[in-house]
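Commentary on secondary and tertiary structure
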Number of protein chains: 2
Amino acid sequence: MDILYDCWLAYGKDDAMKWTERYLSRLCVLCIGRVISSAVKELETAYRRLAGKIPERISKPFSGGCFILRINGDFDAGGYGISVSDDNITVEGGDENGVLYGVFRFLILASGGYSPEKLNITEKPCYPLRMADQWDNADGTVERGYSGASIFYEKDRPVSDMTRLTDYARLLSSVGINAICINNVNVHKTETHFITEKFLPDIAKIADIFADHGIKLYLSVNFAAPMEIDGLPTADPLNERVISWWKCTAEKIYSYIPDFGGFLVKADSENRPGPHTYGRDHAEGANMLADALKPYGGKVIWRCFVYNCHVDWRDRSTDRAKAAYDNFKPLDGKFADNVFLQIKNGPMDFQIREPVSPLFGAMPNTNCICEFQITQEYTGQQIDLCYLVPMWKECLDFDTYSDGEGSFVSKKILGAAAVSNVGANRCLTGNPLAGANLYGYGRLVFDPSLSAKQIAEEWVRAALTADEETAEVICTMLLSSREIYESYTSPLGVGWMVTPHYHYGVDVDGYEYSPWGTYHYSDRNGMGADRTRATGTGYTAQYASHNEEMYEDPSTCPEELLLFFHHLPYTYMLKSGKTLIQHIYDSHFDGAEKAEGLLMQWRSLKGKLPEEIYSEAEIRFEKQLLNSRQWRDVINTYFFRKSGIDDIHSRKIYR
Amino acid sequence: MDILYDCWLAYGKDDAMKWTERYLSRLCVLCIGRVISSAVKELETAYRRLAGKIPERISKPFSGGCFILRINGDFDAGGYGISVSDDNITVEGGDENGVLYGVFRFLILASGGYSPEKLNITEKPCYPLRMADQWDNADGTVERGYSGASIFYEKDRPVSDMTRLTDYARLLSSVGINAICINNVNVHKTETHFITEKFLPDIAKIADIFADHGIKLYLSVNFAAPMEIDGLPTADPLNERVISWWKCTAEKIYSYIPDFGGFLVKADSENRPGPHTYGRDHAEGANMLADALKPYGGKVIWRCFVYNCHVDWRDRSTDRAKAAYDNFKPLDGKFADNVFLQIKNGPMDFQIREPVSPLFGAMPNTNCICEFQITQEYTGQQIDLCYLVPMWKECLDFDTYSDGEGSFVSKKILGAAAVSNVGANRCLTGNPLAGANLYGYGRLVFDPSLSAKQIAEEWVRAALTADEETAEVICTMLLSSREIYESYTSPLGVGWMVTPHYHYGVDVDGYEYSPWGTYHYSDRNGMGADRTRATGTGYTAQYASHNEEMYEDPSTCPEELLLFFHHLPYTYMLKSGKTLIQHIYDSHFDGAEKAEGLLMQWRSLKGKLPEEIYSEAEIRFEKQLLNSRQWRDVINTYFFRKSGIDDIHSRKIYR
């Protein structure tokens, strides 16, 4: 029992699931398979934690209390039912994964102190593809990782001790994740060779661990791999030698990993190679790889995060937000049926507030999945508290109007992928409270109809405490955290203003004159990016007309996105009756005050939580408070120096 | 012959020194010693280059042409005389170093095509201490190095091949450098152990190479070394065990390196340990080390670059510029006589324009040396052309008025140290034109009365071409380069505005809200740091009254330093009749235009210079042009957005 290490699989952290001992003491397993074995092991682990011994295996149900596992064809793939009676507890799954998911669901809820009657549950996954992306590098670093080194690699090799990977696979499958890409989308030199004999035997061992938990393994590949690995003169996707190189490569991979998931590809983006080099389009590039994988049932996940990262800040007509749509919309219908386009939730890059990408709903004849970021690159880096489920849910619930009212993003996708937030820290997610995001991502993508609150509650009770009163305080903190972080950082959707490269902490002009396409255009009169059709970059026109009209007009544009769409004077009057500049001051004073409130609320819980968890989080709340104050003062001073307008409440704004 | 590698010791690069063959063919060496041997080797190298063979050694002067080396007690230590007659060429030195310097001086001037009559020279060094500081780390990196990896270390060990170090020693001694500190003042874990048996045998080999060239070796030490190396509970300089630890350490070092120079120490600065931790002052810290070295004739070089790097930008009364004076002035007279305080030329940190440090002249009872930076950290990083000799000369020629008029800095010091700009690139200084700074530093500190122009000319002719017309073009470029760089970067002495950490390229607010104490305080009305006694931080009061009065009043303050000392409105009228804002626009348009001019001038020399030199520099002039344009546009847009004032000439300022 190690409450930091176990995350939300901390069976026996308190007395909440004591009542399950009677059932867990006898296991009746009426199905077989490698994933079923993992489910059985999980039940054994739980019972060992509770009772200090191994459950008895019985071959027939026993009415005096037992735990039954069974496949039931009436359920969908990945679906399951849990029934609790006085005699026994039965978990039935539509397939092996369903059984495993049901077992985890039971254990998590029981461990969270939910009463037996609440455990009679039937669920099924909303989407077939529910993926985690690791941005881990072979050298042991993790791009945008804030939880320590990689758990997958060290010193340019896959790790040899698989303990941590097994526990990570348990966590992922416990929330229904069924696919993982194990290396960074930026495929460097060493990782380019992952698809060669030099690495495949080790990669296959990792694949085995995940396969035991019903999770298919994917690899990020370098589009120029035929050149870099075998010295081909080109990586042109229409070149016969290149085509046959990838076919041979696919064959080789599947000889090591029979259930290999496929490739994740970042091409023609941020200086990565891609089909554009050869005058080919993304469809030609993706389809060539898809052809190579098709005989084995593999997929190509092709990222739509494609934009020019060498724009000229001087040219206010260019707009990075338009890039994904401009690049991919013309290709709708041209992708093979085992290609999935991976579209980031917003048009920029995982900011704390963005509109939903206009590409959702715009690709009716293409397989699309949504990409989220669990690791908190721009959202506090696992220091500042930021529960992201509400943000992701906004995206899934967004009405694209692509086929009229009710064309929600959630209906336009076949799944999701998300950049993981785990690393080698004792607490897998660095900040123990960041576990809510990893848990929440899995749960939300399994069932998008869940509320952010329900997910938070499940997680808090399983991972931290089954005490309802304490759990309630923490849930409230989690649910307010995104608005708090937003209020002391960049205002009204304008984004960025972060320290270049690191992306933590404030630097208002850090990206203002850069080639990255990320500008707020503040001058002495006003600020914001004009993305209207009428006077700006025309980005609004990428939305279906209902949304286009809403965003085009500042009076109907949601105020939290006002500066994403409009350049407005500091004296612009908001619906609140405040000027824009006064809103900036107010929200920043308020945000820093609420960050202090979070620390105070956390401190009020001292003694009510496991000490390791308490103190790991407390350190971070203290840092968050400093961060929020620096943001508050820099933003307020920056805009005071520019606007010359005083705070109407005469609070301290440094000159 | 490798013109890039040889730097200014490129004997035989053209026909200029053909006439010396007759003398060099016979060497008459009338003195002995390890440094004399190096002088002889140098003459042999030159002759081999010219004639393809080894000179004959003769024991008595020969009137048909020979080269005579001799010690002559009439000369000072390090001083020398060169006389050229029809019969022979004689180099006489006051000591071995003098002979070596004379030989180099002869060869450099001859190789530069100076006529025989110009080679009858008598010179002597102005200061006893003429030092180069390496910021090289054991891992092979160089802090603020722009010429490739370290030539001293790789993989946490000193290099085993001494070829490059020997050639570096030749270059240093050729301009009279007589001391070198071979590791970074920021002493990390590995380098802390340089003073132990684990490293001393290898360090001694390096010391030998430099001793052959009359250069004493110093080491940067970690003030906390007794704790880190031997686990002492303290590094308190008054603690008996600490005192005796350093004495033993000194004894051990001298057993390996009998002519060891001493320690260079960065203490209580930028998070380095120091005496303040134990409630002791810098004198107590330095004197303890000095005591340990004294029996062997060693010195302690103690840096005055001490300031609080955690200041609060919100507090406009704090002033980093005041730190060195505030820290050291009260300690004048308290340092042992083998302690030398190393004072940076300006009060901040090697900016392109700073006033001279008020500490010069303020320490009449203390040994002081001046610290310059040859490596172009803030001055173009060996990409942008920036000949630094004029800037250093301004510092040495500055009248401190500490003892009335004529109290020049050059009279207040006992020598200088400078951070070297060399690395493992084929061209030791990265940009071949950056060789002028390494050469120029040595020459200027040997004889501060030399003009920047004379030094530039010597260097160009020896290192690039003896062709007078071509040399003239390059000299003009060098001599204008500092003003050009200044004109497109931060205006009127305000400094900084660079990309944080990297220090190349523009980021106006990059350090504006940082803890580093480096602010321009621009708002919609004006800019600059008020450092006056009357209304500002009171920094001006650190100068003798004549200078204090000059700086205190904007109308008498040198305009190039106006924003260093004063916060002024954009509409402030300069002596030129331009407003401050118009000056900013004009100088930035002008600077970028002149950067383009440098590229054009360089291109006009294609074919007149060795191709490797031409192309290595051309690439950099092209980058400089881009850099200057980015600076121009960002600065102009930044200040237009803030001030709202248009360029009176209606040139393009992006909105």
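Before going into details, it helps to say that this report is about the structure given with it. (Residues numbered from 1 in each chain as written. Chains lettered and ligands numbered in written order. Predicted model: local features only at pLDDT ≥ 70, side-chain atom pairs only at ≥ 80, totals over all residues. Heavy atoms only, no water.)

So, the overall build of chain A
Heads up, the condition is: Every helix listed is a DSSP run of H or I at least four residues long, and every strand listed is a run of E at least two residues long, numbered separately from the N terminus. In this treatment the radius of gyration is a C-alpha quantity, and the globule benchmark scales as 2.2 Å times the residue count to the 0.38 power. Only protein chains enter the accessibility calculation, which uses a 1.4 Å probe; a residue whose area is less than 20% of its type maximum is buried, one above 50% is exposed, and one in between is partly exposed. Should any heavy atoms of two residues lie within 4.5 Å, those residues are counted as being in contact. Throughout, the Shrake-Rupley method with a 1.4 Å probe supplies accessible areas, and for residues the shown protein chains are the sole cover considered. When charges are tallied, Lys and Arg are placed among the positive residues and Asp and Glu among the negative ones, while His and the ends of the chain are skipped. By convention, the point assigned to a charge is CZ for Arg, NZ for Lys, CD for Glu and CG for Asp.
Tallying secondary structure elements over chain A gives 20 helices and 18 strands in all. At 25 Å, chain A has a C-alpha radius of gyration in line with the 26 Å of a compact globule built from 655 residues. For chain A, the spread of C-alpha atoms along the principal axes amounts to about 80 × 65 × 50 Å. Out of the 655 residues belonging to chain A, those deemed buried represent 65%. Contacts in chain A between residues at least 24 apart in sequence constitute 72% of all its contacts with a sequence separation of at least 6. As displayed, chain A has an accessible area near 22300 Å², and 50% of this comes from carbon and sulfur atoms. Distance from the positive charge centre (68 side chains) to the negative charge centre (89 side chains) of chain A: 2 Å.

Here's the deal with the interface of chain B and chain A
Let me state the cut-off plainly: A quick way to say it: buried area is the sum, across both parts, of accessible area lost when two parts are put together, with a 1.4 Å probe. Note on definitions: salt bridges are taken to be side-chain nitrogens of Lys or Arg within 4 Å of carboxyl oxygens of Asp or Glu. By the criterion applied in these results, polar contacts are pairs of N or O atoms within 3.5 Å in which, for protein atoms, one can donate a hydrogen and the other can accept it, and in which residues neighboring in sequence qualify only through two side-chain atoms. Any residue outside Ala, Val, Leu, Ile, Met, Phe, Trp, Tyr, Cys, Pro, Asp, Glu, Lys and Arg is labelled polar, Gly included; the first ten of those are nonpolar and the last four are charged.
Contacts between the two partners involve 23 residues from chain B, matched on the other side by 23 residues from chain A. Buried area between chain B and chain A, summed over both chains or domains, comes out near 2300 Å², and the portion from carbon and sulfur atoms is 48%. There are four salt bridges connecting chain B and chain A. Here B:Arg314 ties to A:Asp633 by a salt bridge, and the two come within 2.6 Å at their closest N and O atoms. Linking chain B to chain A there are 19 residue pairs in polar contact (both at pLDDT 80 or more). Within the side of chain B that touches chain A, the residues separate by chemical class into six nonpolar, five polar and 12 charged.

Notes on the relation of the copies chain B and chain A
Quick reminder of the rule: Least-squares fitting of one copy onto the other uses the C-alpha atoms of those residues that reach a pLDDT of at least 70 in both copies.
Between chain B and chain A, which share one sequence, the superposing operator has a rotation angle of 180° and an axial displacement of 0.0 Å; the RMSD is 0.0 Å. Both copies of the chain, as the preceding transformation shows, are related through a two-fold rotation axis. Closest approach to the rotation axis within chain B is made by the C-alpha atom of B:Lys642, at a distance of 2.9 Å. A share of 100% of interface residues in chain B that are also interface residues in chain A marks the association as one of identical surfaces.

Some thoughts on the packing of aromatic side chains
What counts, and what does not: Put simply, two rings from Phe, Tyr or Trp (the six-membered ring, in Trp's case) pair if the centres are within 6.5 Å, and we call them stacked under 30 degrees between planes, edge-to-face over 60, tilted for the rest. Here, a charge over a ring is recorded when the distance from Lys NZ or Arg CZ to the ring centre is within 6 Å and its angle to the ring normal is within 35 degrees.
Enumeration over the complete set of coordinates arrives at 78 aromatic pairs over all chains. Between A:Trp313 and A:Tyr513, the aromatic rings sit 5.0 Å apart at their centres with planes inclined by 90°, giving edge-to-face as the arrangement. Taken as a pair, A:Trp313 in the loop between strand 13 (299–303) and helix 11 (323–328) and A:Tyr513 in the loop between helix 16 (468–488) and strand 17 (526–527) lie far apart in primary sequence, 200 residues in all. With relative accessibility at 3%, the residue A:Trp313 sits in the buried group. Between the aromatic rings of B:Tyr254 and B:Phe260, the centroid separation amounts to 5.5 Å while the plane-to-plane angle is 80°, which identifies the pairing as edge-to-face. Neither B:Tyr254 nor B:Phe260 differs from the other in exposure class; each is buried. The structure contains a cluster of three or more aromatic residues connected by ring pairs, namely A:Phe152, A:Tyr153, A:Tyr168, A:Phe194, A:Phe199 and A:Phe210. Across the ring face of A:Tyr307, the terminal group of A:Arg320 is positioned such that the distance to the ring centre comes to 3.8 Å. Directly above the ring of B:Tyr638 sits A:Lys642, whose terminal nitrogen or CZ lies 5.9 Å from the centroid.

Considering the sheet that holds strand 6 (residues 121–123) of chain B
All names here are of chain B. Counted only if it meets this: Think of it this way: DSSP has to see at least two bridges between two strands before they count as a pair. The axes used here are C-alpha line fits, helices contributing only the stretch in contact, and every angle between their N-to-C directions lies in the interval 0 to 180 degrees.
Read from one edge of the open sheet, six strands run 2-1-3-5-4-6, paired in mixed fashion. The outermost strands of the open sheet, each flanked by one partner alone, are strand 2 (56–58) and strand 6. Ignoring which end each strand starts from, the neighbouring axes of this sheet average 15° apart. Sheet topology note: the strand 3 (residues 66–71)/strand 5 (residues 88–93) ladder contains six bridges and is parallel.

Focus on the pairing of strand 5 (residues 88–93) of chain A
A regular strand places its side chains on the two faces of the sheet in alternate fashion. All names here are of chain A. The buried fraction of strand 5 is high, at six of six residues. Where burial is concerned, the two faces of strand 5 agree: the one with Asn-88, Thr-90 and Glu-92 and the one with Ile-89, Val-91 and Gly-93 are both buried. Inspection of the sheet shows strand 4 (residues 80–84) paired to strand 5 by five bridges, in the antiparallel sense. Residue pairing in the sheet places Gly-81 in a bridge with Glu-92 of strand 5. Hairpin remark: strand 4 followed by strand 5, antiparallel, with three residues in the connecting loop.

Overview of the nonpolar core
The criterion, for reference: We call a set of buried Ala, Val, Leu, Ile, Met, Phe, Trp, Tyr and Cys residues a nonpolar core when their side-chain atoms join them within 4.5 Å.
By size, the foremost hydrophobic cluster in this structure holds 225 residues, and its most contacted members are A:Trp8, A:Leu69, A:Tyr168, A:Trp246, A:Trp302 and A:Trp602. The biggest single contributor to this core is helix 20 (residues 611–643) of chain A, with 11 residues. Once residues within four sequence positions are removed from consideration, A:Leu69 is found in contact with A:Cys28, A:Val29, A:Leu30, A:Cys31, A:Ala39, A:Val40, A:Leu43, A:Val91, A:Val99 and A:Val103. B:Ile203, B:Ile206, B:Leu293 and B:Val389 belong to the second largest nonpolar core, which has 224 residues in total.

Some words on the sheet that holds strand 16 (residues 415–419) of chain A
Residues and elements named next belong to chain A. Pairing is parallel in the closed barrel, where eight strands are placed in the order 7-10-11-12-13-14-15-16. Going across the sheet, the axis of each strand differs from the next one's by a mean of 25°, ignoring polarity. In this sheet, strand 16 lies alongside strand 15 (residues 368–373) in parallel orientation, the contact comprising four bridges. Within the sheet, the bridge partner assigned to Cys-370 lies in strand 16 and is Ala-416.

Overview of the environment of A:Glu117
By the element assignment, A:Glu117 lies in the loop between helix 4 (96–111) and strand 6 (121–123). Each C-alpha atom, one on A:Glu117 and one on A:Ser83, is 8.9 Å from the other, the two residues being 34 residues apart in sequence.

Examining helix 15 (residues 452–463) of chain A
Residues and elements named next belong to chain A. Here is the rule we go by: A helix is expected to reach a length of 1.5 Å times the quantity of its residues less one.
Between its first and last C-alpha, helix 15 extends 16 Å over 12 residues, near the 16 Å set by a 1.5 Å rise per residue. Within helix 15, nine of the 12 residues are buried, which leaves the element mostly enclosed by the surrounding structure. Where helix 15 is concerned, the buried positions are Ala-452, Ile-455, Ala-456, Glu-458, Trp-459, Val-460, Arg-461, Ala-462 and Ala-463. Against the buried residues of helix 15 lie helix 1 (3–6), helix 4, helix 12 (389–397), helix 14 (435–446), helix 16 and helix 20.

A short note on the pattern of salt bridges
All names here are of chain A. Applying the stated criterion across every chain yields a total of 98 salt bridges over all chains. In this structure, Arg-353 engages Glu-483 in a salt bridge whose closest nitrogen and oxygen atoms are separated by 3.6 Å. With Arg-353 in the loop between strand 14 (339–344) and strand 15 and Glu-483 in helix 16, the pair connects residues that are 130 residues apart, well separated along the chain. Residue classification places Arg-353 among the buried residues on the basis of a relative accessible area of 8%. A relative accessible area of 39% places Glu-483 in the partly exposed class. Three or more residues are tied together by salt bridges with common partners; here these are Arg-353, Glu-394, Arg-482, Glu-483 and Glu-486.

Regarding the packing of helix 15 (residues 452–463) of chain B against helix 16 (residues 468–488) of chain B
Residues and elements named next belong to chain B. As a reminder, the rule being used: Oblique is the label for every angle not falling under 35 degrees (roughly parallel), over 145 degrees (roughly antiparallel), or within 65 to 115 degrees (roughly perpendicular). Working rule for handedness: look at the near helix, and if it is turned counterclockwise from the far one by less than a right angle, call the crossing left-handed; if clockwise, right-handed.
The interhelical angle for the contact between helix 15 and helix 16, taken along N-to-C directions, is 130°, at an axis separation of 9 Å. Here helix 15 lies oblique to helix 16, going by the angle between them. Crossing geometry of helix 15 relative to helix 16 is assigned as right-handed. Note on element contacts: helix 16 touches helix 15 through Glu-468, Ala-471, Ile-474, Cys-475, Leu-478 and Leu-479, opposite Ala-452, Lys-453, Ala-456, Glu-457, Trp-459, Val-460 and Arg-461. Each residue belonging to the contact of helix 15 with helix 16 can be placed in one class, and the counts come to nine nonpolar, no polar and four charged.

Looking at the environment of A:Gly591
Residues and elements named next belong to chain A. Secondary-structure assignment places Gly-591 in helix 19 (residues 580–603). In this structure Gly-591 comes out as buried when scored by relative accessible area, which is 0%. Taking the C-alpha atoms as reference, Gly-591 lies 31 Å from Ser-410; in sequence the two are 181 residues apart. For Gly-591, the residues in contact, after removing those within four places along its chain, are Ile-484, Ser-487 and Tyr-488.

Considering unusual backbone geometry
Its identity is not glycine, yet A:Tyr521 carries a phi of approximately 55°, on the positive side. Within the secondary structure, A:Tyr521 sits in the loop between helix 16 and strand 17. Overall, the relative accessible area of 7% leaves A:Tyr521 in the buried class. Here the phi dihedral of B:Trp496 falls at roughly 55°; this positive angle occurs in a residue that is not glycine. Mapping B:Trp496 onto the fold places it in the loop between helix 16 and strand 17 (526–527).

Looking at the state of the cysteines
The following threshold applies: Only a pair of cysteine sulfur atoms within 2.5 Å counts as a disulfide in this structure description.
Applying the stated criterion across every chain, the model contains zero disulfides over all chains. A:Cys28 takes part in no disulfide bond, and the closest cysteine sulfur, belonging to A:Cys66, lies 5.5 Å away. The closest cysteine sulfur to the non-disulfide-bonded B:Cys427 is located on B:Cys7, 5.3 Å from its own sulfur.

As far as function goes, none of this settles anything; it's purely spatial.
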